[in-house]
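Inside the fold
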Amino acid sequence: MKKLLDRNESTPVKMKKSILAYALAGALVFSASPFALPVAEAGTATAANNAAQDQKIVKRVEAERAIEHVRYLSEEIGSRPGGLEGEKEAADYVARNLKSYGYDVEYQYFPVADQYIADVAFEDGTSWEMGAAPNGKVSKEAVSGEAIYVAGGLKAADFPADTKGKIVLLTREASTAAYRTQVDNAIQAGAAGVILQSVVGSRGNYGSTFSPSLTKSYDVPVYGAAYVQGEWLKERIEKGAAALDLTAVRYTDLQSVNVIGTKKAKTKTADTKEVLLTAHMDSVVGAPGANDNASGVGLMLELARVYKGYNTDKDLKFIAFGSEERGLLGARYYVDQLSQPERDEIEAVFNPDMVATKYEPAKNLYAMTVDGSKNIVTDSTVAAGARLGNSDILPGQFGSSDHVPFHNAGIPAALFIWMGIDSWDPLVYHIEKVYHTPEDTIEDNISGERMQSALEIIGAGLFDVIRKDVPEKNK
Ligand code: BES
Ligand code: ZN
């Protein structure tokens, strides 16, 4: 795979004003009350015992095993868009593994909106997944043609005389109104198909695939390509190897799914609490989602393997959520169907999402809460890091993952993610460029060391929460 050279690999991302206010609140929380570490009096029985308990986990977790799960999910299955077959295969994979460790496993289905998926196939057998415009031609009957690249496209004059019958690749204009003009002009010029190359991601990442939103209907396929797919297509056009078959499918009546594995507390009382370890298993269209978020699922399964050997004083649930990328749908559905007493039982939600990037500037593992306040999830993992002498973990503030619906229901939750943060006010951060793209692969985006560090910190922090005795009522 050719590396992309035309962007500064470590350009930090500045957030928009609306998000800034949010970030500022978090910055104040952390600067006003620096994270207090628990008193781990050296030499006391408690400190020695905590350290011994940590070692039960740290000695056993193996990044290679977690990455083997990442390999299955991102390579054997590939992309896993919410509601489609790839996500279902991921669910079955998670269920198989959890069952093999002896846990009870349930599936929880929920309905999701239609997907419009395009397939762009080359004569050499390669094919790429893109988003299809619902208002363009969506058909299994192939539209075939030679691809050409047209610069611009906002003016009819941009299209060469031989556009007729060609599949036109255009660099997507930023606004929806402007790219609609590009599509209209291409089709007026006789294009047999249109591919829009997305160039910027919302977080400084490379552009992802998308389903173009059109107001007019056309009998021509119109697809949204990831930035790197556009670059690859340009290379093929230059080599004269760009004869394409375009097909697309509208998938309807979709069901997405959550997979729930349960480890019961050793002795159950009326006060027994529940702790959740959750990770979304879906990916965006066209992306193998190795770091986002096969990494979180791999970490969850590896901790499930290690925890099976220990009794705990709390119920522990391992949940692989579906359709996170479509709006946190699996986690929202899960929280919505819980009664208030069931919500009250949940003491903590640990949600790893992007826990193994090898992007160098993403140098800390953040435990992010939605409002920047500390809770049992951030406290237990920061304390575990301190006991282990591991300084990777830091608290922070971020939404955008499955911890949000839990937070909104008043349940303590945090997202674990590797990032580099230069400033909280304004929020200036580094995340890998390849997330949400076809290059979110093990080769391009996974670090064994980062996975190991996340396994040890989250593994020891969570174990500390579940092994502690439940305090007695009215004490
Ligand atoms: N793993 C990301 C969230 C993320 C990415 C957080 C980069 C911080 C930095 C997650 O899978 C994601 O993409 N979330 C969506 C949520 C949306 C669909 C509600 C997002 O942020 O676009
Ligand atoms: Zn994502």
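Note that this is a predicted model, so its numbers are computed, not measured.

Quick look at the sheet that holds strand S8 (residues 222–225)
The mixed closed barrel is built from seven strands, whose spatial order is S3-S4-S8-S7-S6-S5-S9. For this sheet, the mean angle separating the axes of adjacent strands, direction not counted, is 40°. Examined bridge by bridge, strand S5 (residues 143–149) and strand S6 (residues 167–171) share three bridges and lie parallel to one another. Along S6, the bridge assignment pairs Ile148 with Val168. Against the sheet, helix H6 (residues 227–238) contacts strand S3 (115–122), strand S4 (127–132), S5, S6, strand S7 (193–197), S8 and strand S9 (243–251), and its axis sits at roughly 125° relative to S4.

Some remarks on the packing of helix H3 (residues 63–77) against helix H4 (residues 85–100)
The N-to-C vectors of H3 and H4 enclose an angle of 155°; their axes lie 10 Å apart at closest approach. It follows that H3 is roughly antiparallel to H4 by the angle criterion. Every pair of crossing elements has a handedness; the one defined by H3 and H4 is right-handed. Where H3 abuts H4, its residues Glu68, His69, Tyr72, Leu73 and Ile77 lie against Gly86, Glu89, Ala90, Tyr93, Arg96 and Asn97. Broken down by class, the residue content of the contact of H3 with H4 amounts to five nonpolar, three polar and three charged.

Topic: unusual backbone geometry
Residue Asn293 is reached from Asp292 by a cis peptide bond, and omega for that bond is 5°. Across the junction of Asp425 and Pro426, the peptide omega takes the value 0°, indicating a cis bond. As for its position among the elements, Pro426 is in the loop between strand S16 (413–424) and strand S17 (427–430). Of note in the backbone geometry, Asp253 takes a positive phi value of approximately 50° without being a glycine. By relative accessible area, Asp253 is classed as exposed at 72%. Positive phi, normally seen in glycine, also occurs at His436, with a value near 65°. Assignment of secondary structure puts His436 in the loop between S17 and helix H12 (442–445).

Points about the environment of Ala414
Within the secondary structure, Ala414 sits in strand S16. For the pair formed by Ala414 and Tyr366, sequence separation is 48 residues and the distance between their alpha carbons is 9.2 Å. Those residues within four positions of Ala414 in sequence are excluded, and the remaining contacts are Val349, Phe350, Asn351, Met368, Thr369, Val377, Thr378 and His403.

Observations concerning the packing of aromatic side chains
Scanning the entire structure with this criterion turns up 16 aromatic pairs. For the pair Tyr366 and Trp424, a centre-to-centre distance of 6.0 Å together with 75° between the ring planes defines the contact as edge-to-face. Taken together, the positions of Tyr366 in strand S14 (residues 364–369) and Trp424 in strand S16 put the pair 58 residues apart, joining distant regions of the chain. Taken as a pair, Tyr366 and Trp424 share a single burial class, namely buried. Every member of this aromatic cluster is reached through a ring pair, and the members are Phe122, Trp128 and Trp232. Taking the ring centre of Tyr149 as reference, the NZ or CZ of Lys234 above it sits at 4.7 Å. Its guanidinium or amino end placed over the ring of Trp418, Arg450 lies 4.9 Å from that ring's centre, counting from NZ or CZ.

Criteria and cut-off values
Residues numbered from 1 in each chain as written. Chains lettered and ligands numbered in written order. Predicted model: local features only at pLDDT ≥ 70, side-chain atom pairs only at ≥ 80, totals over all residues. Heavy atoms only, no water. Pairing = 2+ DSSP bridges. Helix = DSSP H or I, 4+ residues; strand = E, 2+ residues; numbered from the N terminus. Axes fitted to C-alpha atoms, helices over the stretch in contact; angles between N-to-C directions. Contact = heavy atoms within 4.5 Å. Parallel < 35°, antiparallel > 145°, perpendicular 65-115°, else oblique. Left-handed = near helix turned anticlockwise from the far one by under 90°. Nonpolar A, V, L, I, M, F, W, Y, C, P; charged D, E, K, R; others polar. Buried < 20%, exposed > 50% of the residue type's maximum accessible area, 1.4 Å probe, protein only. Phe/Tyr/Trp six-rings, centres within 6.5 Å; stacked < 30°, edge-to-face > 60°. Lys NZ or Arg CZ within 6 Å of the ring centre and 35° of its normal.

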